[in-house]
Amino acid sequence: MKIMKFGGTSVGKPERMHQVKDLITRDDQRKIVVLSALSGTTNALVSIGEALADAKKDLAKERIDSLHQHYLTFYKELLTTDAARSKAENIIKEHFEFLNIILKISFNEAINRDILAQGELLSTKLFYTLLQELGIEAVFLPALDFMSIDENSEPELKKIAEKLKLILANYPGERIFVTQGYICKNHRNEVDNLKRGGSDYSASLIGAAINADVVEIWTDIDGMHNNDPRVVEKTRPIAQLSFDEAAELAYFGAKILHPASIWPAQQYNIPVKLLNTMEPDAAGTTITGKEQGTGVKALAAKDGITAIKIKSSRMLLAYGFLRKVFEVFEKYKTSIDMITTSEVAVSVTIDDLSHLAEIVKELEAYGLVEVDKNQTIISVVGNMIAESEGTLAKIMNSLNAYPIRMVSYGGSRHNVSLLLDAQFKNNALKSLNEGLFEW
């Protein structure tokens, strides 16, 4: 079997859903089709939850009605027969009745997760209705029947595999299965999710669970590019990446792929392809365990970074100093992106500011603490960068006009990361593009 995951833009318009239908019926291979919510839906659901959290029920109602209207327009353009339209109307009615009932009850985080799940449930049910209307045989496969996470919000891959194999065994002759990305059940058997962008993660987890031949991630761009095409004019898709290279790019800002989605496929050595729904014959990017070539392949930028420096004259000879510092971040479950040290100071970067005040307060027991917000990490990714002659010099020469706050070099053979103020990001990416890639 293969996995075909389609993002929000790939299903965001009725004509795009029809393109997805064409893509999944192009061959006879068995496949599990994983769908995201229609583009814009998750943002709308987040805003509904925020309004309810702020006790602004009138605003939440207004946003629910606006989203409802969007779906009423959508299904009429998607479907043509009275029977299919009637079914779609009932689906939409059911889900928006649920959202309106929530207006009348006490809001909490569990309810918020239920709200966020509505997008994927709606998109898959409407798409399945389209397949039924066209007489295309398929099985509706609810993700909540098999996708689960533990108390640490980590996917339970063994359980997922066991449940999926039992379900699929009931349909030995069926070739198309339709399921949701993003949503799952938690250890309390409540509706939960794999966080934003989690549909990629769902696809990779499903691929690992059934040992699929390939995981295809279909978006609106022809593969992973060597730089951010929204910022830099001259970019090109990368034909091949290793799992490690792709993971670095995804983690440090490449929007086309969810950062966690590489790990499951890598564990079972399942190729991942990044393909373009609008240009289905384009080669895209293939990600495998094989490393090809050396040197720089691509750049990525991660915004919303905060740098924290702890300066202490006691650090020089202080046994266990770094352990104490890192224990503060562990206590507040805040992950660190970059680390640099000197004889009297250590600097780290974080992207989660939920507990920044508490972290700073505790770190002040160990020295003077400085905080710099609105930073960006630019990551230069490739194979054997540290061993490639002249690469570091090219990077630094390209950035000599910009003040660099931190550099991480040598921690990975695939990555050189640089921290600078967010105001310099776009120009820095353009300068690196000119300095590192030959055209």
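Parameters and conventions
Residues numbered from 1 in each chain as written. Predicted model: local features only at pLDDT ≥ 70, side-chain atom pairs only at ≥ 80, totals over all residues. Heavy atoms only, no water. Salt bridge = Lys/Arg side-chain N within 4 Å of Asp/Glu carboxyl O. Buried < 20%, exposed > 50% of the residue type's maximum accessible area, 1.4 Å probe, protein only. Helix = DSSP H or I, 4+ residues; strand = E, 2+ residues; numbered from the N terminus. Contact = heavy atoms within 4.5 Å. Phe/Tyr/Trp six-rings, centres within 6.5 Å; stacked < 30°, edge-to-face > 60°. Axes fitted to C-alpha atoms, helices over the stretch in contact; angles between N-to-C directions. Parallel < 35°, antiparallel > 145°, perpendicular 65-115°, else oblique. Left-handed = near helix turned anticlockwise from the far one by under 90°. Nonpolar A, V, L, I, M, F, W, Y, C, P; charged D, E, K, R; others polar. Pairing = 2+ DSSP bridges. Expected span 1.5 Å × (residues − 1). Arc of directions from axis to C-beta.

Description of the pattern of salt bridges
Going through the model one piece at a time under the given rule, you end up with 20 salt bridges. The salt bridge involving Arg188 is made with Glu190; its shortest N-O contact spans 3.2 Å. Owing to a relative accessible area of 26%, Glu190 belongs among the partly exposed residues under this scheme. Among the salt bridges present, the one from Asp303 reaches Lys425, with a minimum N-O distance of 3.0 Å. A residue pair is termed long-range when its members are at least 10 positions apart, and Asp303 in strand β11 (residues 295–311) and Lys425 in helix α14 (residues 425–436) qualify at 122 residues. Judged by relative accessible area, which is 39%, Asp303 ranks as partly exposed. Several salt bridges converge on common partners, so that one network encompasses Lys2, Asp27, Lys31 and Glu216.

Quick look at the environment of Val231
As for its position among the elements, Val231 is in the loop between β7 (214–219) and β8 (240–242). By relative accessible area, which is 17% here, Val231 ends up buried. Distance in space between the C-alpha atoms of Val231 and Asn427 is 8.6 Å, their sequence separation being 196 residues. In this structure Val231 touches Asn426, Leu429 and Lys430, once residues within four positions along its chain are discounted.

Points about the packing of aromatic side chains
One pass over the full model with this rule turns up 6 aromatic pairs. Measuring from ring centre to ring centre gives 5.8 Å for Phe6 and Trp218, while their planes differ by 20°; the resulting arrangement is stacked. Pair noted here: Phe6 is in strand β1 (residues 2–6) and Trp218 is in strand β7, with a separation of 212 residues, a long-range link. Accessibility classification places Phe6 together with Trp218 in one group, the buried group. Consider the rings of Tyr128 and Phe140, whose centres lie 5.5 Å apart with planes at 50°: the pair is tilted.

Section: the packing of helix α4 (residues 57–78) against helix α6 (residues 109–133)
Axis separation between α4 and α6 bottoms out at 11 Å; the angle between their running directions is 20°. Considered as vectors, α4 and α6 are oriented roughly parallel to each other. Remark: the crossing between α4 and α6 carries right-handed chirality. Only Gly119, Leu122, Leu126, Leu130 and Glu133 of α6 make contact with α4, whose side of the interface consists of Tyr71, Phe74, Tyr75 and Leu78. Per-class residue counts for the contact of α4 with α6 are 7 nonpolar, 1 polar and 1 charged.

Here's the deal with the pairing of strand β14 (residues 368–383)
Here 13 bridges tie β11 to β14, and the two strands are oriented antiparallel to one another. Along β14, the bridge assignment pairs Ala307 with Asp372. Where β14 and strand β16 (residues 415–421) come together, 7 bridges link them in antiparallel fashion. The residue bridging Val381 from the neighbouring strand is Asn415, located in β16.

Thoughts on the sheet that holds strand β9 (residues 272–276)
The 8 strands are arranged β3-β4-β2-β1-β7-β9-β10-β8 in an open sheet whose pairing can be described as mixed. Two strands in the sheet have a free side with no partner beyond their single neighbour: β3 (139–140) and β8. Here 5 bridges tie strand β2 (residues 31–35) to strand β4 (residues 176–180), and the two strands are oriented parallel to one another. Bridge pairing in β4 places Leu35 opposite Gln180. Contacts between α6 and the sheet are confined to β2, β3 and β4, with β4 contributing the most and set at about 160° to the helix.

A word on α4
Along its 22 residues, α4 runs 31 Å from first to last C-alpha, staying within 8% of the 32 Å computed at 1.5 Å per residue. Residues of α4 that are buried: Ala60, Ile64, Leu67, Tyr71, Phe74, Tyr75 and Leu78. End-on view of α4: buried residues confined to an arc of 90°, all on one side of the axis. Turned more than 90 degrees off the buried face of α4, the exposed positions are Asp58, Glu62 and Glu77. Looking at the buried positions of α4, the neighbouring elements they touch are α1 (8–11), α2 (14–24), α3 (41–53), α5 (82–102) and α6.

Comments concerning the sheet that holds strand β12 (residues 339–341)
Judged by pairing direction, the sheet is antiparallel, and its 6 strands sit side by side in the order β12-β13-β11-β14-β16-β15 without closing on themselves. Of all the strands in the sheet, the pair left with one neighbour each is β12 and β15 (404–412). Averaged over all pairs of adjacent strands, the angle between their axes in this sheet comes to 25°, without regard to strand direction. Against the sheet, helix α11 (residues 321–331) makes contact with β11, β12 and β13 (345–350), and its axis sits at roughly 20° relative to β13, the strand it touches most.

Section: the pairing of strand β10 (residues 285–288)
What you see with β10 is a clean split: Thr285 and Ile287 sit on the buried side and Thr286 and Thr288 on the side with no burial. The pairing of β9 with β10 spans 3 bridges and is antiparallel. By the bridge assignment, Val272 is partnered in β10 with Ile287.

Examining the environment of Val360
Relative to the helices and strands, Val360 is located in helix α12 (residues 356–363). Along the sequence, Val360 and Asn189 sit 171 residues apart, while their C-alpha atoms lie 36 Å from each other.

Some remarks on the packing of α2 against α4
At a minimum axis distance of 8 Å, the contact between α2 and α4 shows a crossing angle of 50°. With respect to their mutual orientation, α2 and α4 come out oblique. Pair α2 / α4 crosses with right-handed handedness. Where α2 approaches α4, its residues Pro14, Met17 and His18 are matched on the opposing element by Phe74, Glu77 and Leu78. Residue classes in the contact of α2 with α4 are distributed as 4 nonpolar, 1 polar and 1 charged.

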